[in-house]
Amino acid sequence: MSLMSLMSLMRHPRAALAAVWFATRALMLWLLTLRGWDAVGREVWQLYHHWYGVLAHGAYPVRDTLWQYPPGAGPLLLSPALLPGLTYFQAFVTLTLAADAAVAVALTRAGTRPGRTLLGACVWIGGLPLLLHLPLARYDVQVTALAVLALLASTRSTRACGALAALGALVKVWPVLLLTGLPPGRATRSAWTAAAVTGTTVLALLVTLFDHPFAFLRQQGGRGVQIESFGGTLLALARHAGWPGRVRYRYGALEYTGPYVSAVAHASLALTVVALGLVLLWRARARRWGEATPYDATLSAVLLFTVTSRVISPQYMIWLLGLAAVCLTSRHTSQRPVAALVVAATAVSAVVFPVLYDEVAAATWTGCALMVLRNGLLGAAAVLSFTRVWRSTTAPRPLADVRTPEPERLLH
């Protein structure tokens, strides 16, 4: 690219963002083509395609320990049928790229409004490729697209926000947390009503069309401690101290088995309850809602539930990147340093999987160091995020912000 062309792009930021999106996605596609049959691509052409065959016959996978997703995941996995001229793998990747582009466009449009910034679009467009080709072979991009669109719609239509959040929650539960940051009163009631109506209607339709829609509950409840979780990192370090546990492939992930694993799993669940309590406590104590509060509160809540989970898969970083990007569309966000930590954790996650996953699975010192670094960044992000949201919404309004009533208003 010539110097003149580069200067032209700098004068037109939307064109520059589009150019970066096309360049980075071409690189991600190249990596997927080069390594499409590895553990990353195999998820689509083998597992998702198998589930597609089951769903196409009108039933959710039953007695399949790998199926752990709410009913809304079914239509999404069937969606490649909308592109009949392509193979399942090609159609799935095409639709994932379309969802990715929708997020980029939405963030760019939001960032060009008065008082907004394009930093959010930059984080999404430049941050997603840090995960290499993984995002193209997981449906978390589609779920994140629903969450991003819901949050961006919250300033214009709380009903649309609630409906989109409900659709996301039917695919992967976490988008329901979007509704925790909406201002109390009419906005919250409107969003929750729309979410309830949308969720109930779609769920009733899926129950009518498919057999065994709740088969995922048994598999989800049986999950243990995945090696990339905080508990998994603790157990990996314990192996160097003589703990006799082992790694086994269970429920679609590598999990630890052995003494005390059950205690670690229960501790993780207890911490998730504590995280829920913190979110509810913040909700009860918050007194100041700004433009960015719904965005910031959502990122904080999802971070808290991520770090306390028994499973932290690398694709979870897609959710956090999308939410951090929404926060950064506002100049009033409190989450800028949190977004930097999320981006750093995303970069480390790509080294963890797929680059050095064997080291992590074997709990070598290199693998342990990687997990301590990645989870340390996520833990710091969660604490910092919640602290900054708490302070920005519960602290008394500074005296300089309190306006003296005008004399004529006092007369009335």
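The chain appears in an unreviewed UniProt entry as DUF2029 domain-containing protein from Streptomyces griseorubiginosus. As recorded by UniProt, the Sequence similarities (unreviewed entry) comment attached to the chain reads in full: "Belongs to the glycosyltransferase 87 family." Heading Subcellular location (unreviewed entry) of the UniProt record for the chain holds this comment: "Cell membrane".

Novice: Can you help me understand the overall build of the chain in this one?
Specialist: What the chain contains, in helices and strands, is 18 helices and three strands. Radius of gyration (C-alpha) of the chain: 22 Å, near the 22 Å computed for a compact globule of 412 residues. Along the first, second and third principal axes, the C-alpha set of the chain runs to 75 × 55 × 50 Å. Expressed as a percentage of the 412 residues in the chain, the buried residues total 51%. At a minimum sequence separation of 6, the contacts of the chain that also span at least 24 residues come to 76%. For the chain, the computed accessible surface area is about 19,100 Å², with 66% contributed by carbon and sulfur atoms.

Novice: How do you make sense of the packing of aromatic side chains when you look at a structure like this?
Specialist: Geometry of an aromatic ring pair is reported as the spacing of the ring centres plus the angle between the planes. Considering all chains together, one arrives at 18 aromatic pairs under this definition. With a centroid separation of 5.1 Å and 55° between ring planes, the pair formed by Tyr 52 and Tyr 88 is classed as tilted. Remark: Tyr 88 occurs in helix 5 (residues 88-111) and Tyr 52 occurs in helix 3 (residues 39-55); sequence separation between them is 36 residues. Owing to a relative accessible area of 10%, Tyr 88 belongs among the buried residues under this scheme. Of the aromatic side chains, those joined through ring pairs into one cluster are Tyr 48, Trp 51, Tyr 52, Tyr 60, Trp 67, Tyr 69, Tyr 88, Phe 92, Tyr 139 and Phe 210. Lying across the ring of Tyr 139, Lys 172 places its NZ or CZ 5.1 Å from the centre.

Novice: I'm lost on unusual backbone geometry in this one. Help?
Specialist: For residues besides glycine, phi is generally negative; the peptide bonds are generally trans as well. Cis geometry is found at the peptide bond from Phe 353 to Pro 354, where omega equals 10°. You can see Pro 354 is positioned in helix 15 (residues 336-355).

Novice: I keep staring at the environment of Arg 113 and nothing clicks. Help me out?
Specialist: Considering the arrangement of structural elements, one finds Arg 113 in the loop between helix 5 and helix 6 (119-127). With 216 residues separating them along the chain, Arg 113 and Thr 329 place their C-alpha atoms 9.3 Å apart.

Novice: Explanation requested: the UniProt feature "transmembrane region" (unreviewed entry) in the chain in the structure shown.
Specialist: As recorded in UniProt, the feature "transmembrane region" (unreviewed entry) lies at residues 86-106, 118-137, 157-179, 191-210, 260-282, 338-357 and 363-387. Here residues 157-179 is 61% helix and 0% strand, with 13 Å between the C-alpha atoms at its ends. Helix makes up 92% of residues 363-387 and strand 0%, whereas the separation of the span's terminal C-alpha atoms amounts to 32 Å.

Novice: Help me understand the environment of Tyr 139 in this model?
Specialist: Relative to the elements of secondary structure, Tyr 139 occurs in the loop between helix 6 and helix 7 (140-153). Among the residues examined, Tyr 139 registers a relative accessible area of 1% and is labelled buried. Each C-alpha atom, one on Tyr 139 and one on Leu 77, is 8.2 Å from the other, the two residues being 62 residues apart in sequence. Setting aside anything within four residues of it in sequence, one finds Tyr 139 in contact with Tyr 48, Tyr 69, Ala 73, Leu 76, Leu 77, Phe 92, Val 171 and Lys 172.

Novice: Any chance you could explain helix 9 (residues 186-209) here in plain terms?
Specialist: Think of an α-helix as 3.6 residues a turn; residues three or four steps apart then line up on the same face. With 24 residues, helix 9 ought to run about 34 Å at 1.5 Å a step, and its terminal C-alpha atoms sit 34 Å apart, in line with that. Those residues of helix 9 not exposed but buried are Thr 188, Ser 190, Ala 191, Ala 194, Ala 195, Thr 198, Gly 199 and Leu 206. Contacts from the buried residues of helix 9 go to helix 4 (73-78), helix 8 (158-171) and helix 12 (261-285).

Novice: How should the pairing of strand 2 (residues 246-250) be read in this particular structure?
Specialist: For a regular strand, the rule is simple: side chains alternate between the two faces of the sheet. Taken together, the five bridges between strand 2 and strand 3 (residues 253-257) define a ladder with antiparallel strand orientation. Of the residues in strand 3, the one forming a bridge with Arg 248 is Glu 255. Once strand 2 ends, the chain turns through two residues before running back antiparallel as strand 3, passing Tyr 251 with a positive phi of about 55°.

Novice: Teacher, can you tell me more about the sheet that holds strand 1 (residues 225-226) here?
Specialist: Strand pairing in a sheet is mediated by backbone hydrogen bonds. Such pairs are either parallel or antiparallel. The three strands are arranged 1-3-2 in an open sheet whose pairing can be described as antiparallel. Because the sheet does not close on itself, it has two edges, and the strands there are strand 1 and strand 2.

Novice: How do you make sense of the pattern of salt bridges when you look at a structure like this?
Specialist: Two side chains carrying opposite charge are able to pair once their charged atoms lie near each other. Within the structure shown, the criterion is met by four salt bridges. In this structure, the salt-bridge partner of Asp 100 is Arg 25, at a minimum N-O distance of 2.6 Å. Placement of the pair is Asp 100 in helix 5 and Arg 25 in helix 2 (residues 13-34), with a sequence separation of 75 residues. Asp 100 sits in the buried class, given a relative accessible area of 1%. On the basis of relative accessible area, Arg 25 is assigned to the buried category, the value being 2%. Ionic pairing is found between Arg 250 and Glu 255, a salt bridge with its closest N-O pair at 2.5 Å. Given a relative accessible area of 24%, Arg 250 falls into the partly exposed group.

Novice: Would you mind going over the packing of helix 3 against helix 5 with me for this structure?
Specialist: In the contact formed by helix 3 and helix 5, the axes pass within 10 Å of each other and the chain directions differ by 105°. It follows that helix 3 is roughly perpendicular to helix 5 by the angle criterion. Contacts between helix 3 and helix 5 involve Gly 41, Val 44, Trp 45, Tyr 48, His 49 and Tyr 52 on the former and, on the latter, Tyr 88, Phe 89 and Phe 92. Split into classes, the residues belonging to the contact of helix 3 with helix 5 amount to seven nonpolar, two polar and no charged.

The rules behind the values
Residues numbered from 1 in each chain as written. Predicted model: local features only at pLDDT ≥ 70, side-chain atom pairs only at ≥ 80, totals over all residues. Heavy atoms only, no water. UniProt positions renumbered as here; feature names shortened; annotations may be inferred. Helix = DSSP H or I, 4+ residues; strand = E, 2+ residues; numbered from the N terminus. Rg over C-alpha atoms; globule rule 2.2 N^0.38 Å. Buried < 20%, exposed > 50% of the residue type's maximum accessible area, 1.4 Å probe, protein only. Contact = heavy atoms within 4.5 Å. Areas by Shrake-Rupley, 256 points an atom, 1.4 Å probe, with all protein chains shown as cover. Phe/Tyr/Trp six-rings, centres within 6.5 Å; stacked < 30°, edge-to-face > 60°. Lys NZ or Arg CZ within 6 Å of the ring centre and 35° of its normal. Expected span 1.5 Å × (residues − 1). Pairing = 2+ DSSP bridges. Salt bridge = Lys/Arg side-chain N within 4 Å of Asp/Glu carboxyl O. Axes fitted to C-alpha atoms, helices over the stretch in contact; angles between N-to-C directions. Parallel < 35°, antiparallel > 145°, perpendicular 65-115°, else oblique. Nonpolar A, V, L, I, M, F, W, Y, C, P; charged D, E, K, R; others polar.

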